[in-house]
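# Observations on the three-dimensional arrangement
What follows is the residue order along each chain.
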Amino acid sequence: MPAKQADKKEQVGFHKGALDTLIKERQELFRLITIVDQLIKAHVSALQQLGVKISKSQKQDLEKELK
């Protein structure tokens, strides 16, 4: 196999591997964001049950951040 063809295959392999890694990293990041969002909601709910008023603007700010 000519060197140019081998180099191209090596580059293709490198980029495919990088994409696989990045996709897995993105999935893990999404999983972590989901967990953090759940924890935020639980704390807001707990504060409300304790009688702490969450203003409408604060709640909207939190909801924006969670999206």
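A brief structural summary. If you're wondering where the values come from, they're calculated on a predicted model, not measured in any experiment.

Secondary structure summary: the protein contains two helices and zero strands in total. Computed over its C-alpha atoms, the radius of gyration of the protein comes to 23 Å, more than 25% above the 11 Å expected for a compact globule of 67 residues. When the backbone C-alpha atoms are referred to their principal axes, the protein occupies close to 75 × 20 × 10 Å. Residues counted as buried form 3% of the 67 residues belonging to the protein. On the protein, roughly 6,300 Å² of surface is accessible, and the fraction owed to carbon and sulfur atoms is 60%. The centroid of the 13 positive side-chain charges in the protein is displaced by 6 Å from the centroid of its 9 negative side-chain charges.

This brings us to the pattern of salt bridges. Following the criterion strictly, the structure yields one salt bridge and no others. Of the charged contacts in the structure, one is a salt bridge between arginine 31 and glutamate 28, with a shortest N-O distance of 2.7 Å. Within this pair, arginine 31 and its partner glutamate 28 are both found in helix α1 (residues 3–49), separated by three residues, close to a single helical turn. You can call arginine 31 partly exposed: its relative accessible area is 42%. Classification of glutamate 28 as partly exposed rests on a relative accessible area of 34%.

Bringing a nonpolar patch on the surface into the picture now. On the surface, Leu19, Leu22 and Ile23 cluster together into a nonpolar patch covering about 290 Å² of accessible area. You can see leucine 19 is positioned in helix α1.

In this fold, valine 44 is placed in helix α1. Residues valine 44 and leucine 62, 18 residues apart in the sequence, show an inter-C-alpha distance of 9.4 Å. Setting aside chain neighbours within four positions, we find valine 44 in contact with Ile54 and Leu62.

The rules behind these values
- Residues numbered from 1 in each chain as written.
- Predicted model: local features only at pLDDT ≥ 70, side-chain atom pairs only at ≥ 80, totals over all residues.
- Heavy atoms only, no water.
- Helix = DSSP H or I, 4+ residues; strand = E, 2+ residues; numbered from the N terminus.
- Rg over C-alpha atoms; globule rule 2.2 N^0.38 Å.
- Buried < 20%, exposed > 50% of the residue type's maximum accessible area, 1.4 Å probe, protein only.
- Areas by Shrake-Rupley, 256 points an atom, 1.4 Å probe, with all protein chains shown as cover.
- Lys, Arg positive; Asp, Glu negative; His and termini not counted.
- Charge placed at Lys NZ, Arg CZ, Asp CG, Glu CD.
- Salt bridge = Lys/Arg side-chain N within 4 Å of Asp/Glu carboxyl O.
- Patch = residues over 30% accessible without salt bridge, like charges linked within 9 Å, V, L, I, M, F, W, Y side chains within 5 Å.
- Contact = heavy atoms within 4.5 Å.

Worth remembering: the numbers are spatial, not functional.
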